[in-house]
Amino acid sequence: MRTLLARAGLVAAAAGVATLLTAAPAAAHGADAPDGTDYRTRTTGVTPQRPGLEVRVVEAGARLELTNDTGRAVEVIGYSGEPYLRVTPDGVFENSRSPATYLNRTIAGDTALPAEADPAAPPTWRRIAEGTTVRWHDQRALWQESAPPAAVRAAPDREHRVRDWTIPLRDGADPVAIGGTLDWVPPPDAYTWWAVTIVGLLAVGALGLVAAAAPAGARALSALGALLIVGGVVAVGYPVGRELDAGAQGVGGVLLGLLSGQIWSLLTGLGAIAAGWYALARRPAADFAVTLAGACVALFAGAANAAVFARSIAPVPWPAEVARVMVALVLITGTGATAAGVLRLHAAPRTPAPTAPRPTAPGPTGPG
């Protein structure tokens, strides 16, 4: 029992240390990218159309992304009609005198305005990025209130058009506008998803009830290894999807986003894959590896993304139903593997510590 408690304590300590280490990088992903929402933001394009000027919604609607390949400077207009962003062939600039520069730093728009913020003042441009793409929060495309609209409160089980929105642009001297819609989409039944997940993880955890020393126990360990590999692959794929939804482009952009904002989800997914192969090879201490890897992947790649069970819009570039299935798989395989590993560790035979031989008293010696 002491050995079991020591191993369980090591698992808990490792998980706790990882939790502390993840606090900073988790908040850095997309600054404040949501884990899910019930408001669907869509763009209907630029009017009038400008070849080379493209706009799309990223981060589950939290930001807009504008790419300007027209070869001309295009400005995004702020909330008081002042120039806010300027996207040129030489890079992206923001107006430090525009209140939108500060209000749009968080999705809540609660940044205090400095004294220099004055929409009536001549713009002061500050370069913020190279290239011709910019992403920003825009309150005109978001629902900022804590309570849903009155129509939603009256009929929360139906989809509602909250509003049509417009964001003005300026192409040289010509006025242009981004158009879009904001809709309320009823959330799914989170209890159903949690019930399915709990049943699944209990089924996986039951593999730990098979006697490890029996032939069936070896097959159970192989099954746990295979399931953990599946969970690890899904755990890696989900943050990749989040980075793609956040606007990352190319392998380099995805890797940079993963390393800066999704590092622990990535590492625990890779760790689950490694532990799964370790179990398939039936290496020594495979039960402990399965237990630790399962706990970490369930915590950092499963529970960390479980908000999609109760949100209609997921921060990935595929349907929300697929996102929920992926998170459920990670929780089932990770938590189930942890439970099965603990049961196998508890049932493992204990090797008694060797005892030192008793000293024997010297016999009588005869006369020399």
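Conventions we followed
- Residues numbered from 1 in each chain as written.
- Predicted model: local features only at pLDDT ≥ 70, side-chain atom pairs only at ≥ 80, totals over all residues.
- Heavy atoms only, no water.
- Helix = DSSP H or I, 4+ residues; strand = E, 2+ residues; numbered from the N terminus.
- Buried < 20%, exposed > 50% of the residue type's maximum accessible area, 1.4 Å probe, protein only.
- Contact = heavy atoms within 4.5 Å.
- Areas by Shrake-Rupley, 256 points an atom, 1.4 Å probe, with all protein chains shown as cover.
- Phe/Tyr/Trp six-rings, centres within 6.5 Å; stacked < 30°, edge-to-face > 60°.
- Salt bridge = Lys/Arg side-chain N within 4 Å of Asp/Glu carboxyl O.
- Expected span 1.5 Å × (residues − 1).
- Axes fitted to C-alpha atoms, helices over the stretch in contact; angles between N-to-C directions.
- Parallel < 35°, antiparallel > 145°, perpendicular 65-115°, else oblique.
- Left-handed = near helix turned anticlockwise from the far one by under 90°.
- Nonpolar A, V, L, I, M, F, W, Y, C, P; charged D, E, K, R; others polar.

Draft legend 1. Highlighting the overall build of the protein. Looking only at helices and strands, the protein has nine helices and 10 strands in total. Counting every position in the protein, which comprises 368 residues, the buried fraction comes to 46%. Nonlocal contacts in the protein, meaning residues at least 24 apart in sequence, comprise 69% of its contacts between residues at least 6 apart. Total accessible area on the protein stands at roughly 18200 Å², and carbon and sulfur atoms take up 64% of it.

Draft legend 2. Region of interest: the packing of aromatic side chains. For the structure shown, the criterion picks out four aromatic pairs. Here the aromatic cluster, defined as three or more aromatic residues joined through ring pairs, consists of Tyr39, Trp143 and Trp184.

Draft legend 3. Structural detail: the pattern of salt bridges. Here the structure, examined in full by the defined rule, presents 17 salt bridges. For Arg50, the salt bridge is made with Asp174, and the minimal N-O distance between the two is 3.5 Å. Note that Arg50 is positioned in the loop between strand E1 (39–47) and strand E2 (53–58) and Asp174 in strand E10 (residues 174–184), a separation of 124 residues in sequence. Look at Arg50 and you get buried, because its relative accessible area is 18%. Taking relative accessible area as the criterion, Asp174 reaches 39% and is therefore assigned partly exposed. Residues Glu59 and Arg63 are paired through a salt bridge, measuring 2.9 Å at the closest nitrogen-oxygen approach. By relative accessible area, Arg63 is classed as buried at 12%. Each of Arg40, Glu159, Arg161, Asp164 and Asp183 takes part in salt bridges that share partners, so that together they form one network.

Draft legend 4. Structural detail: helix H7 (residues 263–280). Over its 18 residues, H7 runs 26 Å from end to end, which matches the ideal 26 Å to within 8%, given 1.5 Å per residue. Those residues of H7 not exposed but buried are Ser265, Leu266, Thr268, Gly269, Ala272, Ile273, Ala275, Gly276 and Ala279. If you follow the buried residues of H7, they end up packed against helix H5 (215–245), helix H6 (250–261) and helix H8 (286–302). A positive backbone phi angle near 55° is found at Arg282, which sits one or two residues after H7.

Draft legend 5. Representation of the packing of H5 against H8 within the structure. The N-to-C vectors of H5 and H8 enclose an angle of 30°; their axes lie 11 Å apart at closest approach. By the angle class used here, H5 and H8 are roughly parallel. Read as a crossing pair, H5 and H8 show a hand that is left-handed. Here Leu221, Leu228 and Ala235 of H5 come into contact with H8, specifically with Ala286, Asp287, Val290, Ala293, Gly294, Val297 and Ala301. When grouped by side-chain class, the residues that make up the contact of H5 with H8 number eight nonpolar, one polar and one charged.

Draft legend 6. Region of interest: the packing of H7 against H8. Across the interface, H7 lies against H8 with an axial gap of 8 Å and an inter-helix angle of 155°. Classified by the angle between their axes, H7 and H8 sit roughly antiparallel to one another. At the point where H7 passes H8, the crossing takes the left-handed sense. Residues Trp264, Ser265, Thr268, Gly269, Gly271, Ala272, Ala275, Tyr278 and Ala279 of H7 pack against Ala286, Ala289, Val290, Ala293, Cys296, Val297, Phe300 and Ala301 of H8. Residues that form the contact of H7 with H8 fall into these classes: 13 nonpolar, four polar and no charged.

Geometry only, nothing functional implied.
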